[in-house]
Amino acid sequence: IDEFISCEAIGMSREEPSIVARPINSKRFLGGAGIVAAHAASMNAHVHFITVLGEDETKNFALKLLDNHHTIQLYNLQNLYLPCRSATSFISIKP
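Cut-offs applied
Residues numbered from 1 in each chain as written. Predicted model: local features only at pLDDT ≥ 70, side-chain atom pairs only at ≥ 80, totals over all residues. Heavy atoms only, no water. Core = buried A, V, L, I, M, F, W, Y, C linked by side-chain atoms within 4.5 Å. Buried < 20%, exposed > 50% of the residue type's maximum accessible area, 1.4 Å probe, protein only. Helix = DSSP H or I, 4+ residues; strand = E, 2+ residues; numbered from the N terminus. Contact = heavy atoms within 4.5 Å. Pairing = 2+ DSSP bridges. Axes fitted to C-alpha atoms, helices over the stretch in contact; angles between N-to-C directions. Salt bridge = Lys/Arg side-chain N within 4 Å of Asp/Glu carboxyl O.

Asks: Quick question: what am I supposed to make of the nonpolar core here?
Replies: If you look at soluble globular proteins, the nonpolar side chains tend to sit buried side by side. One finds Ile1, Leu30, Ala37, Ala38, Ala41, Val47, Phe49, Phe61, Ala62, Leu66 and Ile72 forming the largest nonpolar core, which totals 11 residues. Contributions of two or more residues to this core are made by α1 (32–42), β3 (47–51) and α2 (57–67). Other than its neighbours up to four places away in sequence, Ala38 contacts Leu30, His69 and Ile72.

Asks: Would you explain the sheet that holds strand β5 (residues 87–93) in this entry?
Replies: Two orientations exist for strands paired in a sheet by backbone hydrogen bonds: parallel and antiparallel. As summarised here, the arrangement of the 3 strands in space is β2-β1-β5, forming an open sheet in which the pairing is mixed. Edge positions in the sheet fall to β2 (19–29) and β5, since each of these pairs with one other strand and no more. Averaged over neighbouring strand pairs, the angle between their axes works out to 30° when direction is ignored.

Asks: Hey, could you run me through the pattern of salt bridges in this one?
Replies: A side chain with one charge may pair with a side chain of the opposite charge, provided their charged atoms come close. A full pass over the atoms with the stated rule returns 3 salt bridges. Across the pair Glu8 and Arg22 runs a salt bridge whose closest N-O atoms are separated by 3.0 Å. Here Glu8, found in strand β1 (residues 2–12), pairs with Arg22, found in strand β2; they are 14 residues apart in sequence, far enough to count as distant. Notably, a salt bridge pairs Lys59 with Glu55, separated by 3.0 Å at the nearest N-O pair. When its relative accessible area of 45% is taken as the criterion, Glu55 is described as partly exposed.

Asks: What am I meant to see in unusual backbone geometry here?
Replies: Trans peptide bonds make up the majority, and among non-glycine residues the majority have a negative phi. A positive phi angle is found at Asn44, which is not glycine, with a value near 65°. Looking at where Asn44 falls in the secondary structure, it is placed in the loop between α1 and β3. Among the residues examined, Asn44 registers a relative accessible area of 63% and is labelled exposed.

Take it as geometry only, folks, not as evidence of what the structure does.
What follows is the structure, encoded as structure tokens:
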């Protein structure tokens, strides 16, 4: 899962060398191989998609998006001990 968080840059922290930003909104999307499978399925391809998903809310989000494509045959090798991987990007927007 890829998450993009739009932020307003406020400045530098006085306590430590880090940037201070105010989140405005966020959006989550399928990422990695999941989005490739979804794009192929949207072109009516029959997709066999093998993945490893943890047992968390991210898994539920991914499965919901993948279930929208009826031509994807999903093989989930579930891992109960690790969370699903996700990537978060922060995007600065001008006020």
